[in-house]
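Residue strings, one per chain:
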Amino acid sequence: MADQAYHAMLHQKRLQNIVISGESGSGKTESAKLLLQQLVYLGRAPNRNLEAKILQVNPIMEAFGNAETGMNENSSRFGKYLDVTFTRAGKVTGAKIDVYLLEESRVHHQARGERNFHIFYYLLDGSANTDLQKELNLNKHGYNYLRGALTDNADLKAVHKEMFQAVKNGFCLLGFRLEEINAIYRILSAILHLGEIEFDEVKDEDSCHVHDPESLEMVADLLGITAGDLGLALTTRSVVASGESFVRRHTAEEAYTTRDSLARGLYNRLFRWVVNQVNALLGVSRQAYGDPLSIGLLDIFGFETYKTNSLEQLRINITNEQLQFFFNQHVFTWEQQEYMAEGIEIDIIRFSDNRPILELCLGKPLGILSLLDEESRFPRATDWTFLEKLNSNFANNKLYVRSRSSADTTFSVRHYAGRVQYDVKGFLDKNRSYFSPDLVEILRGSSIDTIRYLYRCMVTKTGHLHVPSLVDGNKKARQI
Ligand SMILES: Nc1ncnc2c1ncn2[C@@H]1O[C@H](COP(=O)(O)OP(=O)(O)OP(=O)(O)O)[C@@H](O)[C@H]1O
Ligand SMILES: [Mg+2]
């Protein structure tokens, strides 16, 4: 496959794409790795260092974006598009990654039997009994965000240690500076300590206070901000009404939601920033040679159906529906049109067109996701009101199946790959992804360069960090 794409690109001078699909655990990521190795081998440049650098992309992206799920021990929890660029003579000049839909809620919550992103375990076992462990205060035997106690399995710990070293070597080889690598560790560690912060409800006051100043201080120290500012931003929020600004206290429940949003937001920005840095560092030689030709490798998360499916599964499955639609177009519609245009007699193949499912999920303004966005904007809306909205809007849609029991919080969609039941509990919170402006303001004033930079970058609608030019962005990060 890699050879075919490479030769087509080289001889026809046309950009190529390899799209890998299949359900979770079917081997997409493993195939993408083999394809990348082969492409880099075919386009071997005199600069062998570049080849080694490109091959570091996968271990780093997997450490930060993959996790153990019920279907795959190394499941991709994001979509990855890796574009390998070549000169006209077919020599590799670099690579660019684009990432989609990171499953950020995994940072603070994992289903039973599942794990957080690999990098947290690598960091914990990789730093064990070192100065780094002391510096990051990572000496507990378990963390709330990792579903409690850590493994005692010596073999697994040894694998984590090895992977931690591999990721660190990857960063170094790509050209990340030591301060940058340390900032990454600090953010990861801050996230783990953040999950340890508990709040006590203040009776009859609808407010709360931080139970354990120790964890709060650790998080603040790691993020280069003050514990006072952080505590205030977790337990209160500034509200502007009728032109006046005042402070509203959080209930303990609101404080926990703010804490988890901060953890999610920190991880998401860190992930995007790592991608930006990798792209900038792998783009240097592309600037010298230009990148007239390229081969893209698309490796996304596979179709998922569990006992309980949430918004993450819905998003993943909709992405797979889109991919299926693309395949249908390519394999059936366009191919048949080409045959007919050339006057070749063919038996028209009937295929199941999944456009109506895409319409049900993505239609505007009346698709499931549009209705979710609409409902998320109403402060008083709940997961229940959202479900009622779906049930009434899709009462006559055969692809939408409402639950028979009115006490049930589920609905089902008849996807191309089969019927999947989704539970709406938590849909609104996940979709709102509320990140307090007070927290952003505090992090913009961090004493740590990388963290300050992360929060000064704009985030686009699709969640990408907006850096005007990748290389400039890299320069900027270095200047601050
Ligand atoms: N070519 C291969 N050789 C050996 N083992 C393989 C190969 N492909 C897949 N596997 C095994 O299957 C597991 C799952 O593969 P992989 O992670 O590539 O699945 P995936 O399709 O990317 O799944 P997801 O959608 O969850 O990301 C691997 O960890 C490995 O154990
Ligand atoms: Mg995968």
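Residues numbered from 1 in each chain as written. Chains lettered and ligands numbered in written order. Predicted model: local features only at pLDDT ≥ 70, side-chain atom pairs only at ≥ 80, totals over all residues. Heavy atoms only, no water.

This next bit is on the overall build of the chain. When its secondary structure is counted, the chain shows 20 helices and 17 strands. Computed over C-alpha atoms, the radius of gyration of the chain comes to 24 Å, within 12% of the 23 Å expected from 2.2 N^0.38 for 480 residues, which places it in the range of a compact globule. In terms of principal-axis extent, the alpha carbons of the chain reach across some 80 × 60 × 50 Å. When the 480 residues of the chain are sorted by exposure, 51% land in the buried category. (Helix = DSSP H or I, 4+ residues; strand = E, 2+ residues; numbered from the N terminus. Rg over C-alpha atoms; globule rule 2.2 N^0.38 Å. Buried < 20%, exposed > 50% of the residue type's maximum accessible area, 1.4 Å probe, protein only.)

This next bit is on the UniProt feature "binding site: ATP" (unreviewed entry) in the chain. Here, the residues flagged by UniProt with the feature "binding site: ATP" (unreviewed entry) are Gly-22, Glu-23, Ser-24, Gly-25, Ser-26, Gly-27, Lys-28 and Thr-29. Within the secondary structure layout, Gly-22 lies in the loop between β1 (16–20) and α2 (28–42). Discounting chain neighbours no more than four positions away, the residues touching Gly-22 are Lys-28, Gly-302 and Phe-303. Considering the arrangement of structural elements, one finds Ser-26 in the loop between β1 and α2. (UniProt positions renumbered as here; feature names shortened; annotations may be inferred. Contact = heavy atoms within 4.5 Å.)

The subject of this paragraph is the site of ligand 1. Among the 14 residues in the neighbourhood of ligand 1, the closest are listed as Ser-24, Gly-25, Lys-28, Ser-75 and Gly-302. Within the contact set of ligand 1, an oxygen atom lies 2.8 Å away from a backbone nitrogen or oxygen of Gly-302. When the free accessible area of ligand 1 is taken as 630 Å², the share hidden by the protein chains comes to 64%. Of all the secondary-structure elements, those providing two or more residues to the shell around ligand 1 are α2 and β3 (75–76). If one sorts the elements of the shell around ligand 1 by residue count, α2 sits on top with 3 residues. (Near = heavy atom within 4 Å. Polar contact = N/O pair within 3.5 Å; in protein donor to acceptor, adjacent residues only side chain to side chain. Areas by Shrake-Rupley, 256 points an atom, 1.4 Å probe, with all protein chains shown as cover.)

Turning to the packing of aromatic side chains, a few remarks are in order. In the structure shown here, the tally under the stated rule is 16 aromatic pairs. Note on Phe-411 and Tyr-422: the rings are 5.6 Å apart at their centroids and 35 degrees apart in plane angle, and the pair reads as tilted. Taken as a pair, Phe-411 in strand β14 (residues 410–415) and Tyr-422 in strand β15 (residues 418–423) lie far apart in primary sequence, 11 residues in all. Under the relative-accessibility criterion, Phe-411 is labelled buried at 1%. Through pairs of rings, three or more aromatic residues link up here, namely Phe-386, Phe-394, Tyr-400, Phe-411, Tyr-422 and Phe-427. Across from the ring centre of Tyr-41, 4.4 Å away, lies the NZ or CZ of Arg-44, which sits over that ring. Just above the ring of Tyr-121 sits the side chain of Arg-115; from NZ or CZ to the centre is 4.0 Å. (Phe/Tyr/Trp six-rings, centres within 6.5 Å; stacked < 30°, edge-to-face > 60°. Lys NZ or Arg CZ within 6 Å of the ring centre and 35° of its normal.)

The subject of this paragraph is the sheet that holds strand β12 (residues 293–299). The strand order across the open sheet formed by 4 strands is β1-β12-β4-β5, and the pairing between neighbours is mixed. If you trace the sheet from one side to the other, it starts and ends with β1 and β5 (92–100), each paired once. Each strand axis lies, on average, 15 degrees off the axis of its neighbour in the sheet, ignoring direction. Both strand β4 (residues 79–86) and β12 contribute to a ladder of 7 bridges, which runs antiparallel. In the sheet register, Leu-82 faces β12, and the bridge partner there is Leu-297. α2 rests against β1, β4, β5 and β12 of the sheet, and its axis sits at about 165 degrees to β12. (Pairing = 2+ DSSP bridges. Axes fitted to C-alpha atoms, helices over the stretch in contact; angles between N-to-C directions.)

Moving on to the side chain of Asn-320. You can see Asn-320 is positioned in helix α13 (residues 311–341). Owing to a relative accessible area of 3%, Asn-320 belongs among the buried residues under this scheme. Polar contacts involving the side chain of Asn-320 include one to the main-chain carbonyl oxygen of Ile-316, which spans 2.9 Å. Excluding anything up to four places from it in sequence, Asn-320 contacts Ile-300, Phe-301, Gly-302, Phe-303 and Tyr-416.

Turning our eyes to something else, we now look at the packing of helix α9 (residues 213–223) against helix α10 (residues 227–235). It is the contact of α9 with α10, at a shortest axis distance of 8 Å, that shows an interaxial angle of 110 degrees. The orientation of α9 relative to α10 falls into the category roughly perpendicular. Seen from above, α9 lies across α10 with right-handed handedness. Along the contact surface, α9 presents Leu-216, Glu-217, Val-219 and Ala-220, while α10 presents Ala-227, Leu-230, Gly-231 and Leu-234. Residue composition of the contact of α9 with α10, grouped by class: 6 nonpolar, 1 polar and 1 charged. (Parallel < 35°, antiparallel > 145°, perpendicular 65-115°, else oblique. Left-handed = near helix turned anticlockwise from the far one by under 90°. Nonpolar A, V, L, I, M, F, W, Y, C, P; charged D, E, K, R; others polar.)

What follows concerns the coordination of the magnesium ion (ligand 2). Coordination sphere of the magnesium ion (ligand 2), protein contribution only: Thr-29 (OG1) and Ser-76 (OG), at 2.0 to 2.2 Å. Note that Thr-29 is positioned in helix α2 and Ser-76 in strand β3, a separation of 47 residues in sequence. Summarising the burial analysis for this pair, Thr-29 and Ser-76 share the class buried. (Donors = N, O, S within 2.8 Å, 3.2 Å for Na, K, Ca; no water.)

Quick look at the nonpolar core now. Ranked by internal contacts, the top residues of the largest apolar core, which has 99 residues, are Phe-64, Ile-119, Phe-176 and Tyr-267. For this core, the element with the highest residue contribution is helix α11 (residues 252–282), accounting for 14 residues. Among residues more than four places away in sequence, those in contact with Phe-64 are Phe-117, Ile-119, Val-167, Phe-171, Ile-184, Leu-188, Tyr-267, Leu-270 and Phe-271. Of all hydrophobic cores here, the second largest spans 24 residues; its members include Ile-368, Tyr-400, Val-420 and Val-424. (Core = buried A, V, L, I, M, F, W, Y, C linked by side-chain atoms within 4.5 Å.)

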